[in-house]
Amino acid sequence: MKLLYFIKDILRPLYNKLFRYYIGDVIVLHRVVDGEQSKATKNKLLEIQKNELVQLINQYRNDGYEFVSLDVFMKEKNRLFTNKRIATITFDDGYRDNYAIAYPLLKELKAPFSVFISIDIIEQKAALWWYVLEDILWSQKEIILDGKTYTINTDEEKNDVFDIVHAKLSGLDTKDTVSWFKKNGVDWDTINTKYIKSICMTWSELQAIAKDSLCTVGSHTLTHARLPLQSTDVRINELKQSKSILEERLNCNVHFITYPYGACSAEVESDVRKIGYAAGFLSRGGSVRKDQNRYRITRTKWNQ
Ligand SMILES: [Zn+2]
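Reading the values: the criteria
Each residue is numbered by its place in its chain's sequence as written, counting from 1. At least 70 in pLDDT is required for a residue's local features to be given in this predicted model, at least 80 for side-chain atom pairs to be given and counted, and no such filter applies to totals for whole chains, interfaces and linings, which use all residues. Runs of E in the DSSP output that reach at least two residues are strands. Runs of H or I that reach at least four are helices, and both are numbered from the N terminus. Here the globule rule is a power law, 2.2 Å times the number of residues to the power 0.38, and the radius of gyration is based on C-alpha atoms. Buried residues are those with 20 or more other C-beta atoms within 10 Å of their own C-beta, exposed residues have 12 or fewer, and partly exposed residues lie in between; C-beta atoms are placed from the backbone. C-beta atoms are first placed from the backbone for all residues, and any pair lying within 7 Å is then listed as a contact. Helix span, as expected, comes to 1.5 Å for every residue beyond the first. What the arc describes is the spread of directions from the helix axis to the C-beta atoms. Any set of buried Ala, Val, Leu, Ile, Met, Phe, Trp, Tyr and Cys residues joined through C-beta atoms within 7 Å is what this text calls a nonpolar core. The domain boundaries here were taken from an automatic or database domain assignment. Note on residue categories: nonpolar means Ala, Val, Leu, Ile, Met, Phe, Trp, Tyr, Cys or Pro, charged means Asp, Glu, Lys or Arg, and polar means any other residue, Gly included. Whether two strands pair depends on DSSP finding at least two bridges between them. Lines fitted to C-alpha atoms define the axes, with helix axes restricted to the stretch in contact, and inter-axis angles between N-to-C directions lie between 0 and 180 degrees. In this scheme, roughly parallel covers angles under 35 degrees and roughly antiparallel covers those over 145, while 65 to 115 is roughly perpendicular and the rest are oblique. Helix crossings fall into two classes, left-handed where the near helix is turned counterclockwise from the far one by less than a right angle and right-handed where it is turned clockwise.

When you go through the protein chain residue by residue, the secondary structure sums to 13 helices and 13 strands. Compactness check: the protein chain gives a C-alpha radius of gyration of 21 Å against a globular reference of 19 Å for 304 residues, within 12% of the reference. Taken across its 304 residues, the protein chain has 36% of its residues classed as buried. In the protein chain, the proportion of contacts linking residues at least 24 apart, taken out of those at least 6 apart, comes to 65%.

This part is about helix α12 (residues 232-250). The periodicity of an α-helix, 3.6 residues per turn, causes residues three or four places apart in sequence to face the same way. The first and last C-alpha atoms of α12 sit 27 Å apart over 19 residues, in line with the 27 Å expected at 1.5 Å per residue. Where α12 is concerned, the buried positions are R235, E238, L239, S242, K243 and L246. The buried side chains of α12 occupy one side of the element, clustering within an arc of 100° when seen end-on. Turned more than 90 degrees from where α12 packs its buried face, T232, D233 and E248 sit exposed. Considering only its buried residues, α12 is in contact with β6 (113-117), α6 (119-122), β9 (215-219) and α13 (266-275). Just downstream of α12 lies N251, where phi reads positive at about 55°.

Right, let's get into the nonpolar core. Within the largest apolar cluster, 75 residues are counted, with the highest numbers of intra-cluster contacts made by I117, V132 and L133. For this core, the element with the most residues is helix α7 (residues 129-137), which contributes seven residues. Filtering out sequence-adjacent residues up to four positions away, L133 remains in contact with F162, V165 and H166.

The subject of this paragraph is the domain arrangement of the protein chain. On domain assignment, one finds that the protein chain holds domain 1 (2-123 + 201-301) and domain 2 (129-195). Domain 1 and domain 2 are separated by 30 Å when their C-alpha centres are compared. Residue-level contacts link seven residues of domain 1 with 10 residues of domain 2. Its residues assigned to classes, the side of domain 1 that touches domain 2 comprises one nonpolar, four polar and two charged.

Quick look at the pairing of strand β8 (residues 148-151) now. The sheet contact formed by strand β7 (residues 142-145) and β8 spans four bridges and is antiparallel. By the bridge assignment, E142 is partnered in β8 with T151. Following β7, the chain reverses through two residues before pairing antiparallel with β8; D146 in that reversal takes a positive phi of roughly 50°.

Our next topic: the environment of A225. Along the chain, A225 turns up in the loop between β9 and α12. As for A225 and K77, which are separated by 148 residues in sequence, their C-alpha atoms are 28 Å apart. Among residues more than four places away in sequence, those in contact with A225 are Q230, E238 and P260.

Along the chain, L80 falls in the loop between α4 (70-78) and β5 (86-93). Sequence spacing of L80 and K290 is 210 residues, and the spatial spacing of their C-alpha atoms is 8.4 Å.

Time to look at the packing of helix α3 (residues 50-62) against helix α5 (residues 96-108). The contact between α3 and α5 brings their axes to 11 Å, and the two run at 30°. The angle between the axes of α3 and α5 places the two elements in the roughly parallel class. Considering only the axes of α3 and α5, their crossing is right-handed. Residues K50, L53 and V54 of α3 form the contact with α5, whose own contacting residues are I101, A102 and L105.

Turning our eyes to something else, we now look at the pairing of strand β11 (residues 279-285). In this structure, strand β10 (residues 256-258) lies alongside β11, joined through three bridges in parallel fashion. For T258, the partnering residue across the bridge sits in β11 and is F281. Relative to strand β13 (residues 297-301), β11 runs parallel, the two being bridged by two bridges. By the bridge assignment, G285 is partnered in β13 with R299.

Moving on to the environment of K290. Tracing the backbone through its elements, the reader meets K290 in the loop between β12 (288-289) and β13. With 18 C-beta atoms packed within 10 Å, K290 lands in the partly exposed category. A sequence separation of 150 residues divides K290 from Q140, and the C-alpha atoms of the two residues are 50 Å apart.

A negative phi angle is the norm for most residues apart from glycine, just as the trans form is the norm for most peptide bonds. You will see that H224, though not glycine, has its phi angle at about 60°, which is positive. Along the chain, H224 falls in the loop between β9 and α12. Phi at N251 takes a positive value of approximately 55°, unusual for a residue other than glycine. Following the sequence through the fold, N251 ends up in the loop between α12 and β10.

Here you go:
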């Protein structure tokens, strides 16, 4: 009994204190907006208002956190003893507002940040189906999808249909998603191009922020692929090509990756390690613990 007591009440808390304790937050963001926002609730969750981002940073700083780059964050994680409370900001996908709205603000606030880029987005050939879906629902009062007629007068009705379709399309490959819209009579190319042109960062915008030491660039794959669902060849290509394209175009070393949809598996992890990434990040899970596997580092959502 005494031994049990010793392990349970003394050794374990000591072990937790030394090796498992929380060192800080890798905050996951997507878009920063100034005033205007998306209409669909799910798309709104991808956005933070500019003033909310300022509040978030101030709140962390008031709580004693220091904002550091992702490199410094990972170094602190590997240190045996640290009393620092640290945080770092990450943006996924590659939206233009990261450059136009977030960057000047973070520079002013001296807060390091990372952008994780899907090559398709920066190449202006992504399928932004979640915005196309919002567009078609919020521009009509009735819609026929898969042969079924939906009355969509109110935001609530529109969001209900959005959620149904979102759930259906989330599990599909990009090619099948685009086919689904076209099959339902949606002018996919016109609407998708409109969003690509307005919300995707370009190479020159990315180059402009990448050369600032405040900014770290990481991979978010080539096509925003759900990695565990891909064949070995496709998976390796997504991981390797995205890294080398970014390194060549930006003349920098890319050694971090965020998994699209937070989707990882033993195979993904092993390939990411082999290809030479130093760490991989999930989409959720909260604060980072010292003992976390560096290829499955959790991140913190600001609004949940
Ligand atoms: Zn993403």
